[in-house]
Amino acid sequence: MKKDITKKLDALKRGTVEIFSEEELAKKLEISAKNGNPLRIKLGLDPTSPDIHLGHTVVLRKMRQFQDLGHKAVLIIGDYTARIGDPSGQNSIRPVLTPEQIEKNAETYFEQAGKILDTSKDKLEVRYNSEWLEKMTLIEMIHLAAKKTVAQMLQRDSFKKRLENNIDVYTHEFLYPLMQAYDSVVIKSDVELGGTDQTFNNLVGRDIQRAYDQPPQIVITMPILVGLDGTEKMSKSKDNYIGVTDDPNDMFGKVMSISDDMMENYFTLLTDMPAEKIAELIDQNKTHPKQAKVLLGKTIVTQFYDAQAADSAAQEFEKVFAKGQMPDDIDEIKIAAEPIMASKLLLTCKLVSSGGDGKRMIKQSAVSIDGIKITDPNSQIAPANGMIIQVGKRKFAKLKVK
């Protein structure tokens, strides 16, 4: 049995940053194997945005790995804690979402997480923490707050940095890690997963479980996936993300845009490729970088769609980008015949997120109309049937004049 536990532990350690602690995890795995009771693996997601991107899937994939080993995933939708806002890694207080925003965002979470997790009832339990937090009385909240000292809460890096820079830290922000920790008590978490930005919160969970006479959960932290820009954390707000609902062509094209030195990280965190194979793929003496990147793109697209969609996306990429041809399927946009400012045209065609973004792309010479570069954001464009608008390498639109 020890050999089997060691093998499982080695597999679970792949791609992790820290495990608090590895010895405790080995012991829990051994006890679970002996008594046949699956471990309860907790992951909390605050519905602060409606979309899940590949950065989120790093932790979801680790949860799926536990499921495949016979354990139960407990996905907590933080519809109540989202009303406070997690201050993790923030230099200022986060804006509080309305209940309507939270509900709208939460609606899509289960469907998107289901692209990675096993959603069968014996493998996945989905809970909303408003179920218990909304019912807490003031005295119960006071008793919970009494489990940690102010000095302990101020050990959080983001709080310390804000105080050092004379930026206010509000009392209610102390409640977030306590409430998230209480989630672990309610669902009797054995293991909690999270990104490195959640380390403080998850370790508070260990302390609070002890305070409520429960065995402390194991905390496993995963690295933050770097976005397409190669520097910042993958984020929708930074427009450097790959969404799990992106269409196959866009998903593949975005993967192909990453730098060569990011491939090892993406292969390790986003695929099940063996470490030996990854080492071979990133060795330019053994594998050409483009060949490796095509395999990465096809592997990722296959996970969310199928092999046929992946092959088709690879072929479309080769046609459009390597051979300079137009894609087969370009969205047709109906538009009035009146002249329109170039930056506004991009927004109308949904090729940019804002007018400012459109101006920026034009100034960067990233926009062409019928193959001709546009350099003045304020230039007037006369729409014509069949006119092709291109932004960057992957975004196209065809005009149809009303």
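Quantities reported herein were computed from a predicted structural model and do not represent experimental measurements. (Residues numbered from 1 in each chain as written. Predicted model: local features only at pLDDT ≥ 70, side-chain atom pairs only at ≥ 80, totals over all residues. Heavy atoms only, no water.)

Peer 1: Sorry if this is basic, but what is going on with the confidence of the model for the chain here?
Peer 2: Low-pLDDT portions of the prediction should not be read for the details of their coordinates. Of the residues in the chain, 95% reach a pLDDT of 70 or more, and the chain-wide mean stands at 87. Within the chain, no element has a lower average pLDDT than helix 4 (residues 99–113), which sits at 78, and none a higher one than strand 6 (residues 218–222), at 96. (pLDDT = per-residue confidence, 0-100. Helix = DSSP H or I, 4+ residues; strand = E, 2+ residues; numbered from the N terminus.)

Peer 1: What is the right way to read the sheet that holds strand 4 (residues 124–128) from this model?
Peer 2: Adjacent strands of a sheet form backbone hydrogen bonds with each other and so pair up, either parallel or antiparallel. Pairing is mixed across the open sheet formed by six strands, whose spatial order is 1-6-5-2-3-4. Sheet topology places strand 1 (18–20) and strand 4 at the edges, where each strand pairs with a single neighbour. Geometrically, the sheet is characterised by an average inter-axis angle of 20° between neighbouring strands, direction not taken into account. Here strand 3 (residues 72–77) pairs with strand 4 via five bridges, running parallel. By the bridge assignment for strand 4, Ile77 is matched with Tyr128. Of the strands in this sheet, strand 1, strand 5 (191–195) and strand 6 are in contact with helix 2 (residues 22–35), which crosses strand 6 at around 115°. Sitting on the sheet, helix 10 (residues 199–211) touches strand 1, strand 5 and strand 6, and the angle it makes with strand 6 is about 175°. (Pairing = 2+ DSSP bridges. Axes fitted to C-alpha atoms, helices over the stretch in contact; angles between N-to-C directions. Contact = heavy atoms within 4.5 Å.)

Peer 1: Is there a simple way to explain unusual backbone geometry in this structure?
Peer 2: The phi torsion of most residues other than glycine is negative, and most of the peptide bonds are trans. The omega torsion across Phe20 and Ser21 is -5°, close enough to zero to call that bond cis. Here Ser21 lies in the loop between strand 1 and helix 2. Positive phi, normally seen in glycine, also occurs at Lys188, with a value near 55°. Tracing the sequence through the fold places Lys188 in the loop between helix 9 (175–187) and strand 5. In this structure Lys188 comes out as exposed when scored by relative accessible area, which is 54%. (Buried < 20%, exposed > 50% of the residue type's maximum accessible area, 1.4 Å probe, protein only.)

Peer 1: When you look at the environment of Glu23 in this model, what are you seeing that I'm missing?
Peer 2: With respect to the helices, strands and loops of the structure, Glu23 is situated in helix 2. Sequence-wise, Glu23 and Pro99 are 76 residues apart; in three dimensions their C-alpha atoms are separated by 41 Å.

Peer 1: What am I meant to see in the sheet that holds strand 13 (residues 395–401) here?
Peer 2: Spatial ordering of the open sheet is given by 7-13-12-9-10, a layout of five strands whose pairing is mixed. Edge positions in the sheet fall to strand 7 (332–335) and strand 10 (372–373), since each has one partner strand and no second.

Peer 1: For this particular structure, what's the right way to read the pairing of strand 5?
Peer 2: The two faces of a sheet get side chains in turn, since along a regular strand they alternate between them. Most of strand 5 sits out of view: five of its five residues are buried. By the alternation rule, side chains of strand 5 split into Val191, Leu193 and Gly195 and Glu192 and Gly194, which are all buried. Sheet analysis places strand 2 (residues 40–45) next to strand 5, joined by two bridges and oriented parallel. Its bridge partner being in strand 5, Lys42 is matched across the sheet by Glu192.

Peer 1: Sorry if this is basic, but what is going on with the packing of aromatic side chains here?
Peer 2: Note on aromatic pairs: each is described by the distance of the centres and the angle between the planes. Tallying each qualifying case throughout the model produces three aromatic pairs. Ring centres of Tyr182 and Tyr212 lie 5.7 Å apart, and the angle between their planes is 65°; on these two criteria the pair is classed as edge-to-face. Of this pair, Tyr182 sits in helix 9 while Tyr212 is found in the loop between helix 10 and strand 6, placing the two residues 30 residues apart along the sequence. Residue Tyr182 is classed as buried on the basis of its relative accessible area, which comes to 18%. What makes Tyr212 partly exposed here is its relative accessible area of 28%. For the pair Phe252 and Phe317, a centre-to-centre distance of 5.6 Å together with 70° between the ring planes defines the contact as edge-to-face. Here Phe317 lies in helix 15 (residues 307–322) and Phe252 lies in helix 11 (residues 248–256), a separation of 65 residues in the sequence. (Phe/Tyr/Trp six-rings, centres within 6.5 Å; stacked < 30°, edge-to-face > 60°.)

Peer 1: Looking at this structure, I do not really get the side chain of Thr57. What am I missing?
Peer 2: On the secondary structure map, Thr57 appears in helix 3 (residues 54–68). Using a relative accessible area of 1% as the deciding quantity, one classes Thr57 as buried. Excluding its chain neighbours within four sequence positions, the residues that come into contact with Thr57 are Ile52, Ile116, Val244, Leu270 and Phe304.

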